[in-house]
Amino acid sequence: DIIWRSRSREAMPLMAEIIKSSDEKEMLRYYRAFDFQKDASKQAVLSKLVIQTQGEKVLYALKHMDATNLTLTPSVLAALNKTLDQYKDRLEFVELVSRFKLENRASDLLSLSLHYPDSTMGKEAMKTLLDWNKTDMIEKIIAEKNKENVQALITAIRPYMYDKKAMALMESVFMDASQNSDNRKLALQGFGSSTNSEDYLLLLASENKIPAELNSTAGGVFQSAWRPNIRAEGAKYFALPASKDGGSLASVSDLMDKKGIVENGKTIFTNTCSNCHQINGAGVKFGPDLSEIGSKLSKRALYTSILFPDQGISFGYEGYIFKMKDGSQAFGMIVSETEDKVDILYTTTQQTLDPANIVSREKQVASMMSSNLQTLMTEQELVDLVEYLQSLKSPTISMR
């Protein structure tokens, strides 16, 4: 403990000796002590640990090195490459490649982003590529127009839409009419991820540069924005979808000001929405249960969820297309998956697939909820529906 608490230069070699004899749980607190050491000799001490230890002790020694002020000796480099091989396809691989600026491993990072775009590993790999200005590698994949690969890139890039490089890549996808239409929509939706990208999308709208076939998607991005000025400005360029009577709906802000009738909304729900959603056990258990939706979503969020369902697909409710060995296809939401079977559900029909017969699976960009639900209702009926959904609150819990 005395050594562990010490911040002196002489403590570091002693700490290294303790680490050598520690188990992999104990060593963590001792490695943490190196974070408080500033003396330049820390690099040499950690380098010896890299060479003289095995397994996770090598990994943590590498992670505590200051890679910006380090000359890799042949022995340390060999240990680093061995560790990279051991942790391939794991977040630690990305961390080390990024820390030591191993730009010769950029293709490995791109592969991780393509294969694991939804994971922290895939997203961090993409961040490193953007930081290193490796946009040429990403552009090459986009130019090949493989639907799955482009979709994976869009997913991995989306968290970094504050970066001009990320915005340029996404713009190149949605502006290209020869790209898959779902991917173009997904790329455009990505502009709702940051204030910078929202501002840029608004600029494109003001210059009439957004393709007409994506107007509805762009409208959804603006109506989902948290800044009132972005919602208001966006509404000037993109009318909301048409209602049952054929006219364009009022803006979401105006719809929120209208008063609905709860009982009428309940009837609308039963006639229009209960074939996919349940409320208090009534209806079809396919989409999310809406019994307490009024406690979870604001009025604005309810409107945007109905009018622009693709903007935010609830986790676990994504649709998949499965291609089977016999040439057939299956579509639905995954409700259960084991080594022996995959159970999928579409509305009231459940199907069991044999994993051995699945050639590929493709997650759908579009929500399984209809994007034209408002065409089945007048504007007032939509207002009534939202009023009813807003009234569905969690029961009050007594503190007595």
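Residues numbered from 1 in each chain as written. Predicted model: local features only at pLDDT ≥ 70, side-chain atom pairs only at ≥ 80, totals over all residues. Heavy atoms only, no water.

1. Some thoughts on the environment of Ser367
By the element assignment, Ser367 lies in the loop between strand S7 (358-363) and helix H21 (379-390). Between the alpha carbons of Ser367 and Asp310 there is a distance of 5.0 Å; along the sequence they are 57 residues apart. (Helix = DSSP H or I, 4+ residues; strand = E, 2+ residues; numbered from the N terminus.)

2. Looking at the pattern of salt bridges
Going through the model one piece at a time under the given rule, you end up with 23 salt bridges. Among the ionic pairs, Glu103 bridges to Lys134, the shortest N-O distance being 3.2 Å. With Glu103 in the loop between helix H7 (91-99) and helix H8 (106-115) and Lys134 in the loop between helix H9 (120-131) and helix H10 (135-144), this pair connects stretches of sequence that are 31 residues apart. The salt bridge partner of Lys165 is Asp163, with a shortest N-O separation of 3.3 Å. Relative accessible area serves as the criterion here: at 26%, Lys165 is assigned to the partly exposed category. Residue Asp163 is classed as buried on the basis of its relative accessible area, which comes to 14%. (Salt bridge = Lys/Arg side-chain N within 4 Å of Asp/Glu carboxyl O. Buried < 20%, exposed > 50% of the residue type's maximum accessible area, 1.4 Å probe, protein only.)

3. Section: the pairing of strand S4 (residues 329-337)
As paired strands, strand S3 (residues 319-324) and S4 are joined by 5 bridges and run antiparallel to one another. Pairing of Ile321 across the sheet is with Phe331, part of S4. Between the end of S3 and the start of S4, which pair antiparallel, lie 4 residues, with Gly327 showing a positive phi angle near 95 degrees. As paired strands, S4 and strand S5 (residues 342-346) are joined by 4 bridges and run antiparallel to one another. Bridge assignment links Ile334 to a residue of S5, and that residue is Ile344. Adjacent in sequence and paired antiparallel, S4 and S5 are bridged by 4 residues. (Pairing = 2+ DSSP bridges.)

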